[in-house]
Every structure is written in structure tokens, then in C-alpha cells.
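Report on the structure
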Amino acid sequence: MGSKKRFILKSLVTVCLLAVLSTEGLFLYCHYIKHVSTIQYASDRLRDLQEWVFHNGTQTANAQTPNAQTPVRREIPDLSAAAPGPLLYQTAVYAIQETFGDDALVIPEDDHISVSSDTLSADTLKTGDDPTEMAAKTETKADLVTVSSGETASLPAPVTLQELIARQESDGLSPNEDSRIQLEAESILQYPELPTGCEVTSLTMALRFAGYDVSKEELADTYLEKASPGSVSYKSAFWGDPRQSGSFGCYAPVIVNAANRYLEEQESPKRAYDLTGTPFDDILAEIRMGCPVIVWGSMYINEEIVFSYGWEIDGETVTWPSNEHCMLLIGFDMENNSVIVCDPLEGIASYDKTAFQHHYETLEQQAIVIY
């Protein structure tokens, strides 16, 4: 009997030690490799699971109602509510401030926008809550991420792709007729600083290709117009903040405006041109002229883009493409039917041209060129 008790006791001690070591290992991994807190990391993984459940459920529902006028929207619980913000390990004071919900959470390592514990979060909106009802719960909604970046940049006169190419040819550029082209662009990843900043990261790569020494953080913090999700169109402002994992994103006009605001401050003759609506094969002409193109597509090359989360904005129902992604197109290989991109999530990558073009067309053929 004593021998059995000793065995049970040793087993319990072993399990406890393994649990302690596993917890410590997770802490070290999150803190020093992922640069987030353990609670934030767990919250992000729960949100990933939540997105997976929502994404697959919506695809199934939409497949069952192919003639529906609007995407089927399914409500799911907010799994991230248990950990609304990052746990700060630097001092016990910070942890206490977060636990008891003091005025704001401040992350000293980055210039994140301070978020009050009772402020409406993009994570909450993302799970399908009615923005009108949420606005009634708090008066601080507009203060979450709305950032005025100064005067709106003066946009260049609209041009067609043909007009832009004619201008480039008059400046001495000539098209490269090779069947495979890959421009030498610097690859920049959005993580860990900008978990939802694929658009502004793609802009950073395009500007650096054009010769400007600018960082993705500077563009995100200073030049990108931001607003609370659902408060305005995502064609007018970035929904949320690229520094926050629960944010959404934006469409081409927002990035064009940010680019031109930056270029004007640099007193540059170059401008960002919105070529949205241009067929994909025509866009490749800019690659031949030596100019990379910012394009919108999907994070998942083999999956359909799912529009979800409905908002009423100015009398119109606005839905968000939940796996929307922005990349810098830098080349193509006609023989292998592939395109080459600087993907803010993957680095330099090659994707099937047909699938890539399908996503490009699903997201309104959005394209931006800096010249």
C-alpha cells in the first residue's frame, strides 16, 4: 500500500513539474519569440479558431444559398472576450492596471494607441455585434482608433493605364518582353509590429522600391487615416489600427491617400495612382515597365473570399471580406502560369496566376502604382 501511495505521489509531482515547465516554455516562446503576452497569444489562437469556425460555416451556408443577394451571416460567440488586451509583464504595476481597468493600457515597447478597458474594441465588433447598439453602450467608440493624419493629400488627376504607360515611355522607359520577370523589391513582413497591416506594409515596399527610406510603422502611425469599424466606409479609412490584431483593413483609396500625403511631404514629383478596375493581364504591363503594383487578394490562395459582418453605413449594407489581403506584385512567369509577389505574411512567394487573378477580380480589381 505504501508503495502505491509513493507511486501516485511521484506521478502527481511529475505532472506538476511538467505543467510548470510547459507554462514557462509557453511564456518564453510568447514573450521573446512572438513578442506578445501569453494571454494575448492564447486569445489570438482562440480568435483563429473562431475565424475558422465562422469561415467554414459561412462557406457552407453560402453554398446552400447560391442565389442569395447578400452573404449569409452567422453569429458566433466572442471567444476572445476572456482576454481583451495584452498582459504586460514589465512590472506588477502594469499588470494591476490592466486587471483593474485603470484609465488606459500602455505598451511601452511600441507606440500603440492607448485603449481604455471600457472602450469599444474592434475585436468586439468583428464578432458580429450591432455597431449601433455598441455605440449606445459607450461614448468613447470614436476615440478608439480614429486618427486624423492632417490635411487630405491632393490626389493626382485620374489616369488610365494606357495614359500612364504613355507617360512612362515618354520618360524613357521601355517594356520588358520576357516571359518571366521578377523585379528586385525588398520583402518586408507585417509581423510582429503590424498584425493587420498588410496594406500599409505593401505600400512601404512600393515606396522603398521607388527610393524612399520609410518604415511601415511611420506610414501606419502618421499617414494612414483610421476609423472605428463600421463608422465610415473602408474605402475612406482603415478600419481599426494596423498595430492591433483585431482590426480589419482598408481598400485602395485609403492607401493612395496615405502614399500621396507622404510623397507630398517629401516634395517628391512621384504620386500614387489608383488603377482600380484595370484587368489583371493589363496590370502586368506595369511590371514590364519596371514598376511593382500594389494589389488586393486573399490570404488563402485556394479558398474563396468570404464577405461577412454587415454594417449599415449611409443607408447601405457594407460587408467585409474576412480573408482580404494586400500584396506587392513584383513579377510573373508565363510559362508556369504564376505570379510573383512580396507577400507581407510569407515574404517573396509564387502563386498560381489563375487563382490569384480570381481573388483580384473578386475584390474589385484594386491596383495601385507609384510613379
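Notes on the structure follow.

Criteria and thresholds
- Residues numbered from 1 in each chain as written.
- Predicted model: local features only at pLDDT ≥ 70, side-chain atom pairs only at ≥ 80, totals over all residues.
- Heavy atoms only, no water.
- Helix = DSSP H or I, 4+ residues; strand = E, 2+ residues; numbered from the N terminus.
- Buried < 20%, exposed > 50% of the residue type's maximum accessible area, 1.4 Å probe, protein only.
- Contact = heavy atoms within 4.5 Å.
- Axes fitted to C-alpha atoms, helices over the stretch in contact; angles between N-to-C directions.
- Parallel < 35°, antiparallel > 145°, perpendicular 65-115°, else oblique.
- Left-handed = near helix turned anticlockwise from the far one by under 90°.
- Arc of directions from axis to C-beta.
- Disulfide = S-S within 2.5 Å.
- Lys, Arg positive; Asp, Glu negative; His and termini not counted.
- Salt bridge = Lys/Arg side-chain N within 4 Å of Asp/Glu carboxyl O.
- Pairing = 2+ DSSP bridges.
- Core = buried A, V, L, I, M, F, W, Y, C linked by side-chain atoms within 4.5 Å.
- Expected span 1.5 Å × (residues − 1).

Time to look at the overall build of the protein chain. What the protein chain contains, in helices and strands, is eleven helices and eleven strands. A buried classification covers 46% of the 371 residues belonging to the protein chain. For the protein chain, restricting intrachain contacts to residue pairs at least 6 apart in sequence, the fraction spanning at least 24 positions comes to 66%.

Right, let's talk about the packing of helix α7 (residues 198-209) against helix α9 (residues 252-265) for a bit. When two helices pack together, their arrangement is captured by the angle between the axes and the distance separating the axes. At their nearest, the axes of α7 and α9 sit 10 Å apart, and the two run at 40° to each other. Comparing their axes, α9 and α7 come out oblique. Seen from above, α7 lies across α9 with right-handed handedness. The segment α7 lies against α9, with E199, V200, L203 and L207 engaging I255, A258, A259, Y262 and L263.

Mapped onto the elements, S350 comes out in strand β10 (residues 347-352). Judged by its relative accessible area of 49%, S350 is partly exposed. Linking S350 and L329, residues 21 residues apart in sequence, is a C-alpha distance of 10.0 Å. If we ignore the near neighbours within four places in the chain, the residues touching S350 are S338, V339 and I340.

Backbone torsion omega between Y191 and P192 reads 0°, so that peptide bond is classified as cis. By secondary structure assignment, the location of P192 is in the loop between β1 (180-182) and α7. Look at E267: it is not a glycine, yet its phi comes out positive at around 55°. Relative to the helices and strands, E267 is located in the loop between α9 and β4 (272-274). At Q365, a position not held by glycine, the phi torsion is positive, near 55°. Along the chain, Q365 turns up in the loop between α11 (353-362) and β11 (367-370).

Because the α-helix completes a turn every 3.6 residues, residues three or four places apart line up on one side. Turning to helix α8 (residues 216-223), its buried residues are K216, L219, A220 and Y223. The buried residues of α8 occupy an angular sector of 120° when projected down its axis, which confines them to one face.

We now examine the state of the cysteines. The full count for this structure, using the stated rule, is zero disulfides. Summary of cysteine pairing: C250 is not part of a disulfide, and the nearest cysteine sulfur, belonging to C326, is at 7.6 Å. A relative accessible area of 0% means that C250 is categorised as buried. Considering cysteine sulfurs only, C198 is the nearest to C326, which forms no disulfide, with 5.5 Å between them.

It is worth spelling out the side chain of E286 at this point. Secondary-structure assignment places E286 in helix α10 (residues 280-288). The buried charged residue E286 lacks any salt bridge partner; its closest oppositely charged side chain belongs to R167, at an N-O distance of 9.8 Å. Non-local contacts of E286, meaning those with residues more than four positions away in its chain, are made with L161, L164, I165, Q168, C291, V293 and V369.

The next thing to look at is the pattern of salt bridges. Evaluation of the coordinates by the stated rule reveals seven salt bridges. Measuring nitrogen to oxygen at the nearest pair gives 2.8 Å for the salt bridge that ties D221 to R243. Taken as a pair, D221 in helix α8 and R243 in the loop between β3 (238-239) and α9 lie far apart in primary sequence, 22 residues in all. One continuous salt-bridge network, built from bridges that share partners, spans E186, R208 and D213.

Before going further, it helps to spend a moment on the pairing of β10. For strand β9 (residues 338-343) and β10, the ladder comprises six bridges, and the chain directions are antiparallel. The partner of S338 across the bridge, within β10, is D352. The loop that links β9 with its antiparallel partner β10 comprises three residues.

Among the nonpolar cores identified, the biggest contains 75 residues, and L203, L207, I294, W296 and L329 are the most heavily contacted of them. It is α9 that contributes the most residues to this core, eight residues altogether. Not counting chain neighbours up to four residues away, the residues in contact with L207 comprise Y212, V214, L219, Y262, L263 and I370.

Glancing now at α7. Taking 1.5 Å per residue, twelve residues should reach 16 Å; α7 reaches 17 Å between its end C-alpha atoms and fits that length. With ten of twelve residues buried, α7 is to be regarded as a mostly interior element. Listing the buried residues of α7 in full gives C198, E199, V200, T201, S202, L203, T204, M205, A206 and L207. Positive backbone phi, approximately 105°, marks G211, located one or two places after α7.

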